[in-house]
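# Descriptive analysis of the structure
Single-letter residue listing:
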Amino acid sequence: MTKASRTIAIARKEFLHIIHDPRSLIIIFVMPLMQLILFGYALNMEIQNINLAVIDYSRTPQSSHLIEQFEGSEFFSVFHYNGKHSDIENIFLKREAKIILVIDQDFARNFQRQTKTSIQILVDAADPNAATIIKNYCYGIIANFNLEHGGQISQPFDVEPRIWYNPDMKSAYFFVPGLIALILVMISAMLTSLAITREKETGTLEQILVSPIKPIEIIIGKVFPYIIMAFLDGFLILMMGMILFKVPFAGSHFLLILLSTLYIITALSLGLMISATVETQQVAMMMAISATLLPTVMLSGFIFPIRSMPILLQYVSYIVPAKYFLIIARGILIKGNTFFQLGFQTLALTLMSIILLIRTLRKFSLNLEK
Amino acid sequence: MIEHNKIAVRTNKLTRRFGKFTAVDQVSIEVKQGEIFGFLGANGAGKTTMIRMLCGLLKPSAGDATVSGFDVYKQSENIKKNIGYMSQKFSLYDDLTIQENIEFFGGIYGLTKEQIQSRKKTLLKEVRLTNVEESMTRDLPVGFKQRLALGCALLHDPLILFLDEPTSGVDPEARRSFWDLIYHTAEAGKTIFVTTHFMDEAEYCHRLSIMRDGKLIAVGSPGELRDLYHKSNMQDVFIEIVNGE
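These numbers were taken from a predicted model, which means no experiment stands behind them.

### Here's the deal with the overall build of chain A
The number of helices and strands found in chain A is 14 helices and 5 strands. A compact globule built from 370 residues should have a C-alpha radius of gyration of about 21 Å, whereas chain A, at 27 Å, is more than 25% larger. Its C-alpha atoms put chain A at 90 × 40 × 40 Å along the principal axes. The long-range fraction of contacts in chain A, counting pairs at least 24 apart against all pairs at least 6 apart in sequence, stands at 77%.

Written out as C-alpha cells, the structure reads:
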C-alpha cells in the first residue's frame, strides 16, 4: 500500500469540501479582496488637504514663495490668518487648522544676508500620529525650499530628511505586506483548525482513524489544500496591491515564495496545535482568532509600530509569527532585501514551526491513545 | 469458505479504565468467523468502549485481545486493514456526493481507482442503491445513508465488521432491510460484531453477550439465554439482567 495514495485521498476530499461550500470560497477569496480595498481606501494613513493657517509678518516675495511651496503640495490647503497673534490658540480650538506657520518680520532680510533664519511651526498634536506625519511633511517642504534657494531656515534639530524606499510615504507599501501576513495566517491557522475540529464533531475523524492511515498522512493531506489556498490568496493580494496601489517588488520572487512557505508552515502548525487541543469548531474558532487575528493586527507592527508599544507587549511581539513575516515581506518587496539580511527572521520562524510541530504531533498521537 | 471453527475475535480479561472509572472490566469473549455476535447492554454498560478497543481506537488498560489473529497492542495496523467500522452517527460526509464518499473511503484504505470502481458497482447493487452516485449525501433519507455507510465500511472487503448501534434513529422498515443486509454479509463469510439496544434485533444474532457496568453477565444464543433465565423473549431476559439479580 502506498502512503501517497492515502494522503492524496485526504487532500482530494478536503478540496471537495472547499469547492462544494460557497461560504468557504467567499471566506478564502472575497474576504481578502474586501480587506485590501478597506485598508487601501478607507484606512488611508496618508493625510491630505490638511488645513494650514499662515501668519506672514514678513510679506515679502521670499515669504510668499515659501507659502507657495506649501500651497503647491497636495498635503496642505493653505489660508491666511488675519486675527491677532494672541488669539492663535483659537485656530486649534475651533479646528480651523491643524498646523500654523508663522513667518517673522525679519525673514526676508535674514534670508538675503544668508544668515540663519527661523520660522515657527505649530502643530495640533491632539492626534499624535497625525501630528508626526504633518511635521514630517513640513520638513520635507522646507528642506526643498532650502535646497532651491540656498537658504538656511533652521529646524528644531538638524535633520535632512531623505525618505528612502518609500519617498512618497505611500501607506499601501506598508499595509499590503501586512495584509498578506494577516490573510496567510488566517487561512492557514483558522481554516485548518476548523477543518479538523469539524471532523471531530461529526465523528468522521473516527471513521478515518479506524483505517490503516497514519496520523502524519492525515495531517499532510488535510493541510495541503490550505497551503495551496494560502498561496493563491497571497498571490491575489500581492497582484491587486501592485495593480491598484503600485506596490513595488524590489527583491527576489523566489525568496519571497520560499519565506512565505516557511511562514505558512508556522501558521499551519499553529492551526494544527489548536485542533489537537480543542474538540469543537466554536472553541477552535475563538482560539484561532485570539492566536492569529488579534496578535497579527495589534502586535506585529502591521498597524502600530512595535517600538512605541509598552515594553511588556514588545516582548510578547517576539512570539507573533507575523512580526517576522512583516519584516521579510516589506524587506523583499520594498527594499529588495536578500536572504542573509533576513537571516534572523528566517531562523525565528523556523524555530517556531519546529517547536509547534513537535508538540502537535505528540498531542495527536496521545489523543489517539486516550 | 466459511471456517466456522476459526476465531475472529478473542479477548482475555480485557479491561479499560478512565481514571477511577472502569468502563470495561475483565471481559473475555470468543467470536467465531462468520458469526453475527450481538453486544447488548444499557447505555454506559461499556459496549462502545469494547468496540473502540477492538478497532484500535483506544488502548486497553489491561488484558489481551486478538482481532483476526492480530494483537491489539502490537499489530493494530494489520487489524485496521482487516476490519470495517460503522458508528452510531453516520460517519459519511454530508457535503460530498455518494460517488465522492466512496472514492474517499476507498482511497484511505489504499485501493486503486480500478479496485474502487469495481467494488463500487457490486456494493451499490448489494446495498440496493443505484443511479444515486451523483446525489449529495445530505439529500438522502436516513435509511439510505445508513446502507451507504455500511457499503463504505465494506469497501475494502474486511473480514470483520464492527457495527456500533448502527440502527439508532432509523424507522423499523429500514432497520428490517438493514438486517437483511447484515445476514447477507455474514453468509458471505464475514464476522459481524454488533451492539444494539433493540431487543428484536438481538433475536437476529447468532450469539449474544450482555454487559452491565462494564462486566460481562451472560453469553449464549438467544434461545440459550431465554431458557437460562426462563423467559419467553429477549426483552424480559434483558430487563432481568440489567436490573440485577
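### Some thoughts on the overall build of chain B
Secondary structure assignment for chain B yields 9 helices and 10 strands. The C-alpha radius of gyration computed for chain B amounts to 18 Å, which stays within 12% of the reference 18 Å derived for 245 residues, consistent with globular compactness. Seen along its three principal axes, the alpha-carbon backbone of chain B occupies a region of about 55 × 40 × 40 Å. Residues counted as buried form 46% of the 245 residues belonging to chain B.

### Re the interface of chain B and chain A
Listed as interface residues are 21 residues of chain B and, on the opposing side, 24 residues of chain A. Counting only elements with at least two residues in the side of chain B that touches chain A, the list comes to α2 (76-82), β6 (83-86) and α3 (98-108) of chain B. A total of 4 residues in the side of chain B that touches chain A trace back to one element, the largest contributor, which is α3(B). The class makeup of the residues in the side of chain B that touches chain A is 9 nonpolar, 5 polar and 7 charged.

### Let's talk about the sheet that holds strand β3 (residues 36-41) of chain B
Residue and element names in this part refer to chain B. Read across the sheet, 6 strands follow the order β6-β7-β8-β3-β9-β10 without closing on themselves; strand pairing throughout is mixed. In this open sheet, the two strands that pair with only one neighbour each are β6 and β10 (215-220). The sheet shows a mean angle of 15° between the axes of neighbouring strands, direction not considered. Judged from the 4 bridges that link them, β6 and strand β7 (residues 160-164) form a sheet pairing that is parallel.

### A word on helix α5 (residues 142-154) of chain B
Residue and element names in this part refer to chain B. An ideal rise of 1.5 Å per residue puts 18 Å on 13 residues; α5 measures up with 19 Å between its terminal C-alpha atoms. Extensive coverage of α5 is indicated by the burial of 10 of its 13 residues. Residues of α5 that are buried make contact with β6, α3, α4 (113-126), β7 and α6 (172-187).

### As for the nonpolar core
A:A181, A:L184, B:L54, B:F162 and B:F193 are the most contacted members of the largest nonpolar core, which totals 138 residues. For this core, the element with the highest residue contribution is helix α7 (residues 172-202) of chain A, accounting for 19 residues. Setting aside residues up to four positions removed in sequence, B:F193 forms contacts with B:V9, B:V31, B:F37, B:F39, B:I160, B:L161 and B:F162. Listed in part, the 21 residues of the second largest apolar core include A:I50, A:F76, A:I134 and A:Y137.

### Quick notes on the packing of α7(A) against helix α9 (residues 215-245) of chain A
Residues and elements named next belong to chain A. Axis separation between α7 and α9 bottoms out at 9 Å; the angle between their running directions is 160°. Taken together, the axes of α7 and α9 are roughly antiparallel relative to one another. Relative to α9, the crossing made by α7 is right-handed. In this structure, α7 uses A172, V176, L179, I180, I183, L184, I187, S188, L191, T192, A195 and I196 to contact α9, whose residues at the interface are K222, V223, Y226, M229, A230, D233, G234, I237, L238, G241 and F245. Looking at the contact of α7 with α9, its residues break down into 17 nonpolar, 4 polar and 2 charged.

### Regarding the pairing of β7(B)
Residue and element names in this part refer to chain B. Extensive coverage of β7 is indicated by the burial of 5 of its 5 residues. What you see with β7 is no split at all: I160, F162 and D164 on one side and L161 and L163 on the other are buried throughout. When β7 meets strand β8 (residues 191-196), the two strands line up parallel, connected through 5 bridges. Directly across from F162, in β8, lies its bridge partner F193. The β-α-β motif built from β7, the intervening α6 and the parallel element β8 has right-handed crossover chirality.

### Here we look at the confidence of the model for chain B
The pLDDT averaged across chain B works out to 87; a share of 97% of its residues lies at or above 70. Here the predicted complex carries an ipTM of 0.86, next to a pTM of 0.76.

### Some thoughts on the confidence of the model for chain A
Residues shown with low pLDDT carry predicted positions that ought not to be read at fine detail. Residues and elements named next belong to chain A. Summarising the model, chain A shows a mean pLDDT of 83, and 90% of its residues fall at 70 or more. Per-residue pLDDT, averaged within each element of chain A, yields its smallest value for strand β5 (residues 153-154) (56) and its largest for helix α10 (residues 253-277) (92). Taken together, the stretch residues 155-161 has pLDDT below 50 and engages in 8 contacts with residues farther than four places along the chain or on a different chain.

### Things to note about the sheet that holds strand β2 (residues 21-32) of chain B
Residue and element names in this part refer to chain B. Strand order across the open sheet formed by 4 strands is β2-β1-β4-β5, with antiparallel pairing between neighbours. Each edge of the open sheet carries a strand with a single partner, namely β2 and β5 (70-71). Sheet topology places strand β4 (residues 62-67) next to β5; 2 bridges connect them, and they run antiparallel. Pairing of V67 across the sheet is with F70, part of β5.

### Observations concerning the environment of B:D64
Residue and element names in this part refer to chain B. Mapped onto the elements, D64 comes out in strand β4. The class for D64 is partly exposed, based on 14 C-beta atoms found within 10 Å. Residues D64 and N12 lie 52 residues apart in sequence; the distance between their C-alpha atoms is 5.1 Å.

### Remarks on the packing of α3(B) against α4(B)
Packed helices, taken two at a time, are described by the angle their axes make and the gap between the axes. Residue and element names in this part refer to chain B. Put simply, α3 and α4 touch, their axes get as near as 10 Å, and they point 125° apart. Classed by the angle they form, the pair α3 and α4 counts as oblique. Of the two possible hands of crossing, α3 and α4 adopt the one that is right-handed. Of the residues in α4, those in contact with I102, E103 and G106 of α3 are Q115, I116, R119 and K120. Of the residues in the contact of α3 with α4, the class split is 2 nonpolar, 2 polar and 3 charged.

### Side note on the environment of B:E77
All names here are of chain B. When you line up the elements, E77 lands in helix α2. By the C-beta count within 10 Å, which is 13 here, E77 ends up partly exposed. Put simply, E77 and F104 are 27 residues apart on the chain and 19 Å apart in space, counted from C-alpha to C-alpha.

Calculation criteria
- Residues numbered from 1 in each chain as written.
- Chains lettered and ligands numbered in written order.
- Predicted model: local features only at pLDDT ≥ 70, side-chain atom pairs only at ≥ 80, totals over all residues.
- Helix = DSSP H or I, 4+ residues; strand = E, 2+ residues; numbered from the N terminus.
- Rg over C-alpha atoms; globule rule 2.2 N^0.38 Å.
- Contact = placed C-beta atoms within 7 Å.
- Buried ≥ 20, exposed ≤ 12 C-beta atoms within 10 Å, placed from the backbone.
- Nonpolar A, V, L, I, M, F, W, Y, C, P; charged D, E, K, R; others polar.
- Pairing = 2+ DSSP bridges.
- Axes fitted to C-alpha atoms, helices over the stretch in contact; angles between N-to-C directions.
- Expected span 1.5 Å × (residues − 1).
- Core = buried A, V, L, I, M, F, W, Y, C linked by C-beta atoms within 7 Å.
- Parallel < 35°, antiparallel > 145°, perpendicular 65-115°, else oblique.
- Left-handed = near helix turned anticlockwise from the far one by under 90°.
- Right-handed = clockwise from strand over helix to strand, strands pointing away.
- pLDDT = per-residue confidence, 0-100.

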